[in-house]
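So you can see what is in the structure, the chains are spelled out below.
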Amino acid sequence: MLGMSGGTDSSVAALVLLDAGYEVTGVTFRFYEKGGDTEYLDDARDLCGHLGIRHLVYDARDLFRERIVRYFIREYMAGRTPVPCTLCNNYLKWPLLQQVADREGIACLSTGHYVRKRFIDGYWHIVCGEDPDKDQSFFLWGLPQDILSRMLLPLGGLSKARVREMAAERGFMKAACKRDSLGVCFCPMDYRTFLKEHVPSGKISPGYFYDEAGACLGKHEGYPFYTIGQRRGLGIYQNKALFVKEILPQENRIVVSDNLRALEKEEMFLTDWKVVNPDALFGKEDVIVKIRYRKQANRCVVMPEEDGRLRVRLCEPLASVASGQAAAFYRDDIVLGGGIIA
């Protein structure tokens, strides 16, 4: 059962699986359609027709709106920074793929993700993809063993350049030349515009920036439009760089600092966490934590707290730790787990 978006990656995944001898059924999930555009459905259906494989469509728009879009809005309105792609992959896309496969009596699950997997000490782990520029392991730390054990990941050992070549070699030129999707699928460019369109009028109102001493520095457009660590687009001009240090939703206040070190944290706490093998993570000193897709890999020590959270002690201070963002744990290229920064 292959999740097919109609894009380059899932199209080539279908080719690789067929070449390997698998019987493939494609399923396209209708999650979000900007302006009613359904060209992606036609592309996925046409490709399946050319390949001679079944194609299913699953309408998950209401589910996506409830679980992902509303969560996205709710987090920004709480002064937090959401991670919709992480939640979608771990709690919607892959579980739905499993659900449809079970309904159809299909054993294996597949997508065009650029990741691999490995069996270590009795557990399946997500492993970084071969192409570091396309590796998507950061988004998949929350998948359970019953999904991991069934996953086939045909693109994990390929580069994006090679994937495009493969599509072209087989005559699928439209798939070969499709642009990569960037950012969040339902607001790929500017989330602030999305919030303005979807939050009721009056819920977001102007407020004020303050420095760490409490002095007012100027007006802001509304606290949901800013994130921890933000430097550009503040609209206040001084002879020094200013960074968002703290967001206070109840007061509609934003605290800024001219000292990036003032934003550094030596520890953080995680909720909603998933860990593959606790013995391989807790208390170990060779664990790396990432709080960004491609940046800021820091050594840390992770331990569970009595209140159910994970405590992450950072071996070096880390700036721009934002509540609501995801943190993923690695040893070398192996994903050990992750959670949401509280």
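The structure displayed is predicted, hence computed values, not measured ones.

Cut-off values and rules
- Residues numbered from 1 in each chain as written.
- Predicted model: local features only at pLDDT ≥ 70, side-chain atom pairs only at ≥ 80, totals over all residues.
- Heavy atoms only, no water.
- Salt bridge = Lys/Arg side-chain N within 4 Å of Asp/Glu carboxyl O.
- Helix = DSSP H or I, 4+ residues; strand = E, 2+ residues; numbered from the N terminus.
- Buried < 20%, exposed > 50% of the residue type's maximum accessible area, 1.4 Å probe, protein only.
- Pairing = 2+ DSSP bridges.
- Axes fitted to C-alpha atoms, helices over the stretch in contact; angles between N-to-C directions.
- Parallel < 35°, antiparallel > 145°, perpendicular 65-115°, else oblique.
- Left-handed = near helix turned anticlockwise from the far one by under 90°.
- Contact = heavy atoms within 4.5 Å.

*Asks:* Any chance you could break down the pattern of salt bridges for me, citing the residues and the numbers?
*Replies:* Under the counting rule described, the total for this entry stands at 27 salt bridges. When the shortest N-O distance is used, the salt bridge between Glu-39 and Lys-174 registers 2.8 Å. Of the two residues, Glu-39 is situated in helix 2 (residues 39-51) and Lys-174 in helix 7 (residues 173-177); the sequence distance between them amounts to 135 residues. Its relative accessible area of 46% is what places Lys-174 among the partly exposed residues. The shortest N-O distance in the salt bridge between Glu-165 and Arg-162 comes to 3.1 Å. Placement of the pair is Glu-165 and Arg-162 together in helix 6 (residues 160-169), with a separation of three residues, close to one helical turn. A relative accessible area of 31% places Arg-162 in the partly exposed class. Connected via shared salt-bridge partners are Arg-30, Glu-33, Asp-59 and Arg-61.

*Asks:* Run through the pairing of strand 15 (residues 310-318), naming residues and quoting values.
*Replies:* As paired strands, strand 12 (residues 265-275) and strand 15 are joined by five bridges and run antiparallel to one another. Residue pairing in the sheet places Leu-270 in a bridge with Leu-310 of strand 15. Pairing of strand 14 (residues 297-304) with strand 15, which is carried by five bridges, proceeds in the antiparallel orientation. Its bridge partner being in strand 15, Val-302 is matched across the sheet by Val-312. Linkage of strand 14 to strand 15, two consecutive antiparallel strands, is achieved through a turn of five residues, within which Gly-308 is found at a positive phi near 95°.

*Asks:* Outline the packing of helix 3 (residues 61-77) against helix 4 (residues 84-104), supporting the account with residue identities and numerical values.
*Replies:* In contact at an axis separation of 10 Å, helix 3 and helix 4 are set at 165° when each is read in the N-to-C sense. Taken together, the axes of helix 3 and helix 4 are roughly antiparallel relative to one another. Judged by the twist between their axes, the crossing of helix 3 over helix 4 is right-handed. Where helix 3 approaches helix 4, its residues Leu-63, Phe-64, Arg-67, Ile-68, Tyr-71 and Phe-72 are matched on the opposing element by Pro-84, Leu-87, Cys-88, Tyr-91, Leu-92 and Leu-96.

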